[in-house]
Amino acid sequence: MRQKPQQIIHRLNQWRMQKISNRNFLVVLAVIVGIIGGLAAAALKGLTHSIAAFLQNDVQWQYKYYLYLFFPLIGILLSVLYVRRFIRKGTFEHGMTPIIYAISRKSSRIEPHNIYSQIITSALTVGFGGSAGLEAPIAYSGSAIGANAGRFFGLNYREVTMLLACGAAAGIAGAFNSPVAGMIFAIEILLPEFSIPAFIPLLMAAATASVVSKLLYSEPLFHLVTDDWEFQALFFYLLLAVIVGGFSIYFAKVSTWAKKVFATVENPYQKVWIGGISLGLLIFLFPALYGEGYLAIQQILDGRMDSLLANSIFADYRHVGILIVIYAVVTVFAKSFAALITLSSGGNGGVFGPSLVMGGLLGFAFAYGINLTGMIELNVANFVVAGMAAALSGIMHAPLTAIFLIAEITGGYALMVPLMLVTAISYLINRATQKYSIYTKVLAEQGDLLTHEDKDRTVLSMMKLRYVLERNFTILRPDERPTDRRHDIIHTKRNIFPVVDADGKLLGIIYSERLFEILLGESPEKVGKTMQELAEKPVDIIRMDTNMEAVMQKMNREDIWILPVVDSHGNYMGFVSKSAVFNKYRALLMRQGAYLE
């Protein structure tokens, strides 16, 4: 007799639990997730760069400026078509925000199609010139690999969340060949609280992914040769950090604005045309905006200070120093718009890569501009690297990730002290006005962000009213009298009764003490009264769409233990009580307590 797949999986899990503990099995799965995550990272990088190389190397250079007008449009259109054609039953989202939301609100569930759909759509978007990064898609793909591996083997929420983080760490480690940065990224962005044992699976996943990716796609992201940093340049590092920190605030505000603008366009294909043409025009004027933009940074690190202008329509002015500085600054702001247009118009990518590019260009413009004044000779390459770290720290609120990522991908460990200073200052400047990062701001505004600064609010925000709604109450009709429902009233386990009409509308409530007085003859004048006449108006009424924080505020303000709940039309749904809320609260606290033990 043939066994069903579910039975085979169940038998496999039963055997596994008898032979190996969950803690050890988690490490094994972390290695497997790391291998698959490394393969995914290598596949994404290889596919994206193959598309870009095909489009760029097989076309005569003098025509490329005009083709730039159409390549990004084609890439975004293909991405949108893929999503609408092949992802019909599920949903498709991009960026890090949905991953954080999955941890906070969806028990770390991520739809399996993200394992491959993130790779396909981001390769099309960026390969055709979309001005976005590949890091968010590969982190999303890795998270999907880890989360679904955990669910496949029947692991609990804590273990699934850990594997999800392992997948994200593997994706970042594979994309940058930077295992330490991958691990720290997962901790800073996805796991707000952690303990020492959490390091082991993350280390295994990130290291394994980095090895696999390096075997398959060994080309380093950046080459930097630097001996050390000079003490007399310290003031300028601090000044750069302030500038980049201010820019990170600007980018956060522009990001919010761009999302609102594109949200007003309902037709997805209109978004493609608007975004694609706008992006094409920007790339026509600023070729460095094509794709990830890392090539422009590497050319600057190699000492080719005029490279930004050399490949543009302004090439004739590439020997004028001040124009190079101005063009670099304008390119930074153009990159901010190009990245947000790419993502808002239907393309798939992230702001991780654009943050590095914008910070690097700011560092270049700053140092090169200072050198033109003749007051001091700064190491331009060092300031490019410092600008990248500062931008990543400020925009993402991830200073540790910025430090180790930049140090690993550039080999700039000699710059550790400047990196520490610029990342800390940029982060503090951004945090002074932006409480949440670009990833978590939307979730925080919606009350969907899991944080540990205010545990009460966090736990309440995780609750849904429908999960604590109690319905086992005896419903009384308005035209009935207490004697008509004597048996039900006496034998109920509740001390409150809703009075509901034939249409389901809540008319009021009656407490059991009042009904017992009538049934026992203590209030003979009320024996003949109907339930509608006896009903009283509740202190307050809760609507089904009310969040739990507001529910508890109402209960505490009125010092009441239970309140009726109605839908948007006033129809009776049930009651919500403090005891039910506290029970759910305790369960969620226990779940959070086991979050990263």
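Keep in mind it's a predicted model, so treat the numbers as computed, not measured.

Could you clarify how one ought to interpret the overall build of the protein in this entry?
Counting secondary structure elements, the protein contains 27 helices and five strands. When contacts within the protein are restricted to residue pairs at least 6 apart in sequence, long-range pairs at least 24 apart make up 75% of them.

What am I meant to see in unusual backbone geometry here?
Excluding glycine, most residues fall at negative phi; most peptide bonds, likewise, are trans. Phi at N177 takes a positive value of approximately 55 degrees, unusual for a residue other than glycine. Structurally, N177 is set in the loop between α8 (157-176) and α9 (179-190). Positive phi, close to 55 degrees, is recorded for H397, a residue that is not glycine. Its location among the elements puts H397 in the loop between α17 (380-396) and α18 (399-410). Overall, H397 belongs to the buried group, its relative accessible area being 12%.

Sorry, what's going on with α18 here?
Structurally, the α-helix is built with 3.6 residues per turn, so residues lying three or four positions apart point the same way. Counted at 1.5 Å a residue, the expected span for α18 with its 12 residues is 16 Å, and the 17 Å between its end C-alpha atoms agrees. With 10 of 12 residues buried, α18 is to be regarded as a mostly interior element. Buried residues of α18: P399, T401, A402, I403, L405, I406, A407, E408, I409 and T410, and no others. If you follow the buried residues of α18, they end up packed against α8, α9, α16 (352-373), α17 and α19 (416-433).

Any chance you could explain the packing of α18 against α19 here in plain terms?
Relative placement of two packed helices is described by the angle separating their axes and the distance separating the axes. Following both chains from N to C, one finds α18 and α19 inclined at 150 degrees, their axes separated by 9 Å at the closest point. The crossing of α18 and α19 is right-handed. Facing α18, whose interface residues are P399, A402, I403, I406 and A407, α19 presents M416, L419, M420, T423 and Y427. Its residues placed into classes, the contact of α18 with α19 shows nine nonpolar, one polar and no charged.

What am I meant to see in the pairing of strand β1 (residues 496-500) here?
Looking along a regular strand, one sees side chains alternate from face to face of the sheet. Counting buried positions along β1 yields five of five residues, so the element is predominantly enclosed. Residues I496, P498 and V500 line one face of β1 and the alternating positions F497 and V499 line the opposite face, and both faces are buried. By the bridge criterion, five bridges tie β1 to strand β2 (residues 506-511) in an arrangement that is antiparallel. Residue F497 lies in a different strand from β2, and its bridge partner there is I510. Between β1 and the antiparallel strand that follows it, β2, lie five residues; G504 among them carries a positive phi value of about 90 degrees.

Is there a simple way to think about a nonpolar patch on the surface in this case?
A surface patch of nonpolar side chains, amounting to about 810 Å² of accessible area, comprises L285, I313, F314, Y317, V320, I322, L323, I326, V330 and L372. Structurally, L285 can be placed in helix α12 (residues 268-285).

I would appreciate a short explanation of the sheet that holds strand β3 (residues 542-543) in the present structure.
Each strand in a sheet pairs with its neighbour through backbone hydrogen bonds, running either in the same direction (parallel) or in the opposite one (antiparallel). The sheet built from three strands is open, its strands ordered β3-β4-β5 with mixed pairing. What marks the edges here is a single partner per strand, and that holds for β3 and β5 (572-577). Of the strand pairs in this sheet, β3 and strand β4 (residues 562-566) are connected by two bridges, and their pairing is parallel. Across the sheet, the residue bridging to R543 is V566, located in β4.

Is there a simple way to explain the confidence of the model for the protein in this structure?
Reading fine detail from the predicted coordinates is not recommended where pLDDT is low. Confidence in the prediction for the protein averages 83 pLDDT; 87% of positions are at 70 or higher. The secondary structure element of the protein with the lowest average pLDDT is helix α3 (residues 61-67), at 58, and the one with the highest is β1, at 92.

Explanation requested: the packing of aromatic side chains in the structure shown.
Working definition: an aromatic ring pair is given by the centre-to-centre distance plus the angle between the planes. The tally for this structure, following the rule as stated, stands at 17 aromatic pairs. Ring centres of Y237 and F383 lie 4.2 Å apart, and the angle between their planes is 5 degrees; this geometry places the pair in the stacked category. Here F383 lies in helix α17 and Y237 lies in helix α11 (residues 234-263), a separation of 146 residues in the sequence. When the ring of F314 is compared with that of Y327, the centres are 5.8 Å apart and the planes differ by 65 degrees; the resulting orientation is edge-to-face. Of the two residues, F314 is situated in the loop between α14 (307-310) and α15 (321-344) and Y327 in helix α15; the sequence distance between them amounts to 13 residues. Members of the aromatic cluster, joined through ring pairs, are F25, F152 and F153. Cation over ring: R85 sits above F86, and NZ or CZ is 5.3 Å from the ring centre.

How do you make sense of the pattern of salt bridges when you look at a structure like this?
Side chains carrying opposite charge are able to pair once their charged atoms draw close together. The full count for this structure, using the stated rule, is six salt bridges. The salt bridge partner of E470 is R494, with a shortest N-O separation of 2.9 Å. Residue E470 is found in the loop between α22 (465-468) and α23 (486-491), and its partner R494 is found in the loop between α23 and β1; the two are separated by 24 residues along the sequence. Judged by its relative accessible area of 15%, E470 is buried. Salt bridges here are not isolated pairs; linked through shared partners, they connect E480, R485 and D488.

Please explain the nonpolar core as it appears in this structure.
The nonpolar side chains of a soluble globular protein tend to be buried, and buried together. Within the largest apolar cluster, 141 residues are counted, with the highest numbers of intra-cluster contacts made by L190, L202 and F352. Not counting chain neighbours up to four residues away, the residues in contact with L202 comprise M162, A165, C166, A169, M183, A186, I187 and L191.

What is the right way to read the pairing of β4 from this model?
In terms of burial, β4 is largely enclosed, as five of its five residues are buried. With five bridges joining them, β4 and β5 adopt antiparallel strand pairing. Residue pairing for β5: V565 is matched across the bridge by G574. Two successive antiparallel strands, β4 and β5, enclose a turn made up of five residues, where G570 displays a positive phi of approximately 85 degrees.

Rules used in this analysis
- Residues numbered from 1 in each chain as written.
- Predicted model: local features only at pLDDT ≥ 70, side-chain atom pairs only at ≥ 80, totals over all residues.
- Heavy atoms only, no water.
- Helix = DSSP H or I, 4+ residues; strand = E, 2+ residues; numbered from the N terminus.
- Contact = heavy atoms within 4.5 Å.
- Buried < 20%, exposed > 50% of the residue type's maximum accessible area, 1.4 Å probe, protein only.
- Expected span 1.5 Å × (residues − 1).
- Axes fitted to C-alpha atoms, helices over the stretch in contact; angles between N-to-C directions.
- Left-handed = near helix turned anticlockwise from the far one by under 90°.
- Nonpolar A, V, L, I, M, F, W, Y, C, P; charged D, E, K, R; others polar.
- Pairing = 2+ DSSP bridges.
- Patch = residues over 30% accessible without salt bridge, like charges linked within 9 Å, V, L, I, M, F, W, Y side chains within 5 Å.
- Areas by Shrake-Rupley, 256 points an atom, 1.4 Å probe, with all protein chains shown as cover.
- Salt bridge = Lys/Arg side-chain N within 4 Å of Asp/Glu carboxyl O.
- pLDDT = per-residue confidence, 0-100.
- Phe/Tyr/Trp six-rings, centres within 6.5 Å; stacked < 30°, edge-to-face > 60°.
- Lys NZ or Arg CZ within 6 Å of the ring centre and 35° of its normal.
- Core = buried A, V, L, I, M, F, W, Y, C linked by side-chain atoms within 4.5 Å.

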